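Below, each chain spelled out in residue letters.
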Amino acid sequence: MSDSIRILITDDHAVVREGLRALISSEPGMTIVGEAVDGVEAVLKARSLRPDVVLLDLVMPRKGGIEAIEEIKRDIPETRILVLTSFAEDDKVFPAIRKGAQGYLLKDSAPDELLQAIRHVYRGETSLHPTIARKLIQEINQPSDLPPSEEPLTEREVEVLRLVARGLSNQEIADELVVSERTVRTHVSNILSKLHLANRTQAALYALKEGLSSLDDV
């Protein structure tokens, strides 16, 4: 990872892009490497610029955010995606989870919340707005199309999964369990593999669905 977080802004509204540019440009340790006005341009610029984080609207001309997520994660899997959505569009966020986005914020979030979310997503952690989490629960409770786990989680993996669902980072989980951060990384990797999940966000939602965590913990 570089010293500065390299960010690609994608939104079809110029006012939104300008606001994001002003906020992020003034923040130490963050650099805007490009802007895109729709999903097609987002994919092309992500391929050429290889940003660390893509800030992505979900509803845009030519190609929507969900399709763009799928293509970006396929072509540049190391790039993190932070979705910025509104109340009217957050029903599209759950499909975005399946495509591999790691962060989900509402556009009326405070500036500090956005900057914190960028840092979390950059570190490979989840940033999920509680309001969106609540709206996702109805979707989570639908029958899963994931194949059943052939190997059950160990007691320690269940413990780690609960802490992941609370939004703790690997280091915070390591401190909580008095183990190394590397050990936690191994546990998280095993959890995702056993449950056929793509990322920590899916793991957190799985924990909610299975009753291993509650919305009060998110």
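A. Representation of the sheet that holds strand 3 (residues 53-57). Taking strand neighbours across the sheet as the criterion, the six strands line up as 2-1-3-4-5-6 in an open arrangement whose pairing is parallel. Of all strands in the sheet, those with a lone pairing partner are strand 2 (30-36) and strand 6 (127-128), marking the two edges. Bridge count for strand 1 (residues 5-10) against strand 3 is four bridges, and the pairing is parallel. In the sheet register, T10 faces strand 3, and the bridge partner there is L56. Across the sheet, helix 1 (residues 14-25) is in contact with strand 1, strand 2, strand 3 and strand 4 (80-85); its angle to strand 2 comes to roughly 165°.

B. The arrangement of the nonpolar core in detail. Counting 23 residues, the largest nonpolar core has L56, I69, I81, V83 and Y104 as the members making the most contacts within it. Contributing elements (two or more residues each) for this core: helix 2 (39-49), strand 3, helix 3 (65-75), strand 4, helix 4 (93-99) and helix 10 (200-209). Broken down by element, the residue count for this core peaks at four residues, all from helix 3. Non-local contacts of V83, meaning those with residues more than four positions away in its chain, are made with L56, L58, I69, A101, G103, Y104 and L105. Ranked by size, the runner-up nonpolar core spans 18 residues in total, among them L161, V164, L192 and A204.

C. Highlighting helix 7 (residues 155-165). For helix 7, every residue scored as buried is listed here: E157, V158, V160, L161, L163, V164 and A165. In this structure, the buried residues of helix 7 make contact with helix 8 (170-177), helix 9 (181-195) and helix 10. Just downstream of helix 7 lies G167, where phi reads positive at about 90°.

D. Quick look at the pairing of strand 2. With six bridges connecting them, strand 1 and strand 2 associate as parallel partners. Across the sheet, the residue bridging to I7 is I32, located in strand 2. Once you follow strand 1 into helix 1 and on to strand 2, the crossover reads as right-handed.

E. Structural view of the pattern of salt bridges. Tallied over the entire structure, the rule returns 16 salt bridges. Of the charged contacts, one joins R50 and E78 as a salt bridge, the two residues approaching to 3.2 Å between their closest N and O atoms. Here E78 lies in the loop between helix 3 and strand 4 and R50 lies in the loop between helix 2 and strand 3, a separation of 28 residues in the sequence. The class of R50 is partly exposed, set by a relative accessible area of 43%.

F. Looking closely at the packing of helix 7 against helix 10. Where helix 7 contacts helix 10, the axes come no closer than 8 Å and their chain directions differ by 105°. One finds that helix 7 runs roughly perpendicular with respect to helix 10. When helix 7 is examined against helix 10, the residues L161, V164 and A165 are found in contact with a partner set consisting of R200, A203, A204, Y206 and A207. The class makeup of the residues in the contact of helix 7 with helix 10 is seven nonpolar, no polar and one charged.

The rules we used
- Residues take numbers from 1 onward in each chain, read along the sequence in its written order.
- Reporting of local features is limited, given that this is a predicted model, to residues whose pLDDT is at least 70; pairs of side-chain atoms are given and counted only at 80 or more, and all residues count toward the totals for whole chains, interfaces and linings.
- Excluding hydrogens and water, the side-chain figures rest on all heavy atoms present in the structure.
- Here, any two strands with at least 2 DSSP bridges between them count as paired.
- Numbering goes from the N terminus for both helices and strands, where a helix is a DSSP run of H or I of at least four residues and a strand is a run of E of at least two.
- By the convention used here, residues are in contact when the closest approach between their heavy atoms is within 4.5 Å.
- Whenever a helix is involved, its axis is fitted only over the stretch in contact; in every case the axis is a line through C-alpha atoms, and angles between N-to-C directions fall within 0 to 180 degrees.
- Residue types Ala, Val, Leu, Ile, Met, Phe, Trp, Tyr and Cys, when buried and joined through side-chain atoms within 4.5 Å, form a set referred to as a nonpolar core.
- Buried residues are those whose accessible area, probed at 1.4 Å on protein chains only, stays under 20% of the maximum for their type, while exposed residues exceed 50% and partly exposed ones sit between those limits.
- Here a crossover is taken to be right-handed if, once the strands point away from the viewer, the path from the first strand over the helix to the second is traced clockwise.
- Definition used for salt bridges: Asp or Glu carboxyl oxygen within 4 Å of a side-chain nitrogen of Lys or Arg.
- Comment on the angle field: the value is read as roughly parallel under 35 degrees, roughly antiparallel over 145, roughly perpendicular from 65 to 115, and oblique elsewhere.
- Under this grouping Gly is polar, as are all residues other than the nonpolar Ala, Val, Leu, Ile, Met, Phe, Trp, Tyr, Cys and Pro and the charged Asp, Glu, Lys and Arg.

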